[in-house]
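Observations on chain architecture
Single-letter residue listing:
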Amino acid sequence: MPEPCPDRGVAGSMETRSKTGPRSKIGRIGIVLAVLLCASLARAQGLARPPDRSPLGPKPEHGATDADQDNRCLEVKFVHTSGVRLRAGRLASAHPEVAQLDGWLDSIGATRRRVFEQSEELLDELRFAGEARSGRPLHDLNLFFRIECAAAGETARVCDGLNAFGVVEIAYPLGRVEDPLVHLVPAPPVDAPDFEFQQGYRRAAPLGIDADYGNTFSGGIGTGTLLIDVETGWTDDHEDIAHKALGAYIGLAGAPYPLSHGTAVLGQLIGADDGRGVRGLVPDADVALSSHLGSLANVPTAIVHAIAAARPGDFVILEVQCSGSPPGPFPCEYFASTFVAVDMATANGIHVVAAAGNGNNNLDSIVYGGLFKRSVRDSGAILVGASNGSALDKASFSNYGSRLDAHGWGFEVATCGYGDLFDAGLLSTYTKTFSGTSSATPIVTGAAVILNGIHRAVFGTALDPLVLRTTLTNTGTAQGTGGRIGPRPNVRKAIAALGLPRISVVDAAVVGSRFRIEVDGPARSACVLYFSPALRATPLLRPPSGYLLLDDPVQLLGLGRLDERGAATFTVKIPAGTLPGTLGFLQARVYIPSARGGAAYTNYAELVLR
């Protein structure tokens, strides 16, 4: 049976392992001020909102628990107009039923605590800002409370008693949380220093998501984006993730160390691009680590800690799956407190990517009460299923249903941690068997970060969470057989669908011929073609166009204008006596009125003579 509600510790530094997080205190103050301003404007303008908030589900007919549910702790959410608050360990409200309910809790020896440990003021401001930004009403996170029974085995009785009060919107037992990992038989160790060749999920569709292509764009390696991983623990000083993860803890104190699961997730995302180990999908992204300490009771708070550290356009990754009364495991947003936290994040422009879980459960089943049907409610998160590794068919263990948005590899993923592929000590371990929706979720996250980063580099703004989710789904590689897990992201196709300018070498050139180069983007845009024999180690910001990826000296090769189809073709003659091999790199600047400053750089393309 699950343990009683744990003490969560004190928010803030992570004991002796803590260091300053990825954002400075000044940056956090700026975020809070921006939230306060947005909230003040919303109140001043009298925010227009739809009549209803997202449903949290019907009150359970009875609170009977099973082995996956906590036998001592439950959560309660009061109706929106009740104004219930916790004062000196008691529930306080002008609502006439609250005093009676609080007296009943006294009579049975139950204790009360807030679900979300952040200040009431911060939770209010996040709600006001999210409502102003999204135009949809949000639940009041201050109305969620955790009730701890005096003795084990009383959860069902107390849950039933709470749901009998009209002031209670819903009361429900807690379940348990775990990593969404499928355990596979490890392969024999292989002594190799560079494992990028085993990362098929990086490659072009249909095998992978085409991260290699996405990384050739300014903004396509995660620069300027914060990824906040919500799960249990990490080996934050592992050689392949320490450049971003070391000491990047936020929120609840005491995250377990070392652990391979979080290390593997981060290896897929930010593995250092240094010619050894693995190469992350977005190796220049910043990260923060928000632990739930192994308890479902802490998941909502861990998410809100992530929201408080993030800005619009950043990402929260939910590497968790939950179990409870319905067949589990399932996505943790089934529970009301987790759902409202995710809803708060996406309303504030923060992208959330969440594992769908490894139960082979149909989330459209009636047993889930419609809570995974978009027609009933939608948190705005990208929900991720798993396929049979490189194959597009649903993995036998993956949950499925209409709510799933995209899928990634669920087998044979090469990344950091575990040590079945290579083990030179705790800080130098690698695997090629990471699995489950655990491995699928970072793959989808990587594609989303690439697209959002490129869009921000070109247009100066992040994509809205719902727009990014729709783009991933509409442009992905269709899945194969099995229940619905959504398509596999296709970064190249999504870039084209978003109208982002791009360059390609159409023909493979041979000695004595010409290169044919095509630039694509918005119709009738002017463009300039550049060439350099090398790429910059650090991109150069050249306003108003963004980041130039070519190194000096940069040569001007041609001027042109995109036609009605949004394409322009250039030809470049190969000088006599040129030897086969890489000659250099191309990049174009396209003049788009809607771009940042009116112009934007494309990706770079390699000129290779066969």
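Here, every reference points to the structure presented above.
This report concerns the structure included in the present document.

Quick notes on unusual backbone geometry
Backbone torsion omega between Ala205 and Pro206 reads 5°, so that peptide bond is classified as cis. Its identity is not glycine, yet Arg524 carries a phi of approximately 70°, on the positive side. Residue placement: Arg524 occurs in the loop between strand E20 (514-520) and strand E21 (526-532). Residue class for Arg524 comes out partly exposed when judged on its relative accessible area of 48%.

Looking at the pattern of salt bridges
In the structure shown here, the tally under the stated rule is 39 salt bridges. Arg176 is paired through a salt bridge with Asp68; the nearest N and O atoms lie 2.7 Å apart. Placement of Arg176 in strand E7 (residues 176-178) and of Asp68 in the loop between helix H1 (25-45) and strand E1 (73-78) is noted, with a sequence separation of 108 residues between them. For Asp68, a relative accessible area of 21% gives the class partly exposed. Sharing partners across several salt bridges, the network here consists of Arg85, Arg87, Glu120, Asp124, Arg127 and Asp140.

Description of the packing of helix H3 (residues 120-134) against helix H9 (residues 336-347)
Each pair of packed helices gets described by two things: the angle between the helix axes and the distance between those axes. Taken N-terminus to C-terminus, the directions of H3 and H9 make an angle of 55°; their axes are 8 Å apart at the nearest point. Put simply, H3 runs oblique to H9. Handedness of the crossing formed by H3 with H9: left-handed. On H9, the residues touching Leu123, Leu126, Arg127, Gly130, Arg133 and Ser134 of H3 are Met344, Thr346 and Ala347. For the contact of H3 with H9, the residue count by class is four nonpolar, three polar and two charged.

Examining the packing of helix H8 (residues 299-309) against H9
Taken N-terminus to C-terminus, the directions of H8 and H9 make an angle of 10°; their axes are 8 Å apart at the nearest point. The angle between H8 and H9 places the two elements in the roughly parallel class. Across the interface between the two elements, Val299, Pro300, Ile303, Val304 and Ile307 from H8 touch Ser337, Thr338, Ala341, Val342, Met344 and Ala345 from H9. Of the residues belonging to the contact of H8 with H9, the class tally is nine nonpolar, two polar and no charged.

As for the sheet that holds strand E5 (residues 144-148)
The strands making up a sheet associate through hydrogen bonds between their backbones, and the pairing can be parallel or antiparallel. On the basis of which strands lie adjacent, the open sheet formed by four strands has the order E4-E5-E1-E6 and antiparallel pairing. The open sheet has two edge strands, strand E4 (111-114) and strand E6 (168-173), and neither has a second partner. Across this sheet, the average inter-strand angle for adjacent strands is 25°, counted without regard to direction. Relative to E5, E1 runs antiparallel, the two sharing five bridges. Each bridged residue has a counterpart across the sheet, and for Val76 the counterpart in E5 is Phe145. On the sheet, helix H4 (residues 155-163) packs against E1, E5 and E6 and is oriented at approximately 170° with respect to E6. Sitting on the sheet, H9 is in contact with E1, E5 and E6, with an inclination near 155° to E5.

Observations regarding H9
Helix length check: H9, at 12 residues, gives a terminal C-alpha distance of 16 Å against a target of 16 Å (1.5 Å per residue), a fit within 8%. Within H9, 12 of the 12 residues are buried, which leaves the element mostly enclosed by the surrounding structure. Those residues of H9 not exposed but buried are Ala336, Ser337, Thr338, Phe339, Val340, Ala341, Val342, Asp343, Met344, Ala345, Thr346 and Ala347. Count one or two residues on from H9 and you reach Gly349, which has phi positive near 80°.

About the criteria used
Counting of residues starts from 1 at the beginning of each chain's written sequence and follows it residue by residue. Restriction of local features to residues with pLDDT of at least 70 applies here, the model being predicted, together with a cutoff of 80 or more for giving and counting side-chain atom pairs; totals for whole chains, interfaces and linings are based on all residues. Each side-chain value is derived from all of the structure's non-hydrogen atoms; neither hydrogens nor water enter the calculation. Secondary structure elements are defined from DSSP: runs of H or I of at least 4 residues count as helices, runs of E of at least 2 residues count as strands, and each element is numbered from the N terminus. The cut-offs for exposure are 20% and 50% of the maximum accessible area for each residue type, with area from a 1.4 Å probe on protein chains only; residues under the lower value are buried, those over the upper are exposed, and the others partly exposed. What counts as a salt bridge is simple: a side-chain nitrogen of Lys or Arg found within 4 Å of a carboxyl oxygen of Asp or Glu. In this description, a line fitted to the C-alpha atoms serves as the axis of each element, helices being fitted only across the stretch in contact, and the angle between N-to-C directions of two axes falls anywhere from 0 to 180 degrees. For classification, angles of less than 35 degrees are called roughly parallel, those exceeding 145 degrees roughly antiparallel, those between 65 and 115 degrees roughly perpendicular, and all remaining angles oblique. Take the far helix as the reference: if the near one is turned anticlockwise from it by less than a right angle, the crossing is left-handed, and if turned clockwise, right-handed. In this analysis, two residues are considered to be in contact whenever any of their non-hydrogen atoms come within 4.5 Å of each other. Under this grouping Gly is polar, as are all residues other than the nonpolar Ala, Val, Leu, Ile, Met, Phe, Trp, Tyr, Cys and Pro and the charged Asp, Glu, Lys and Arg. Pairing between strands is defined by DSSP: at least two bridges between them are needed. Between the first and last residue of a helix there are one fewer steps than residues, each counted as 1.5 Å, and that sum is the expected span.

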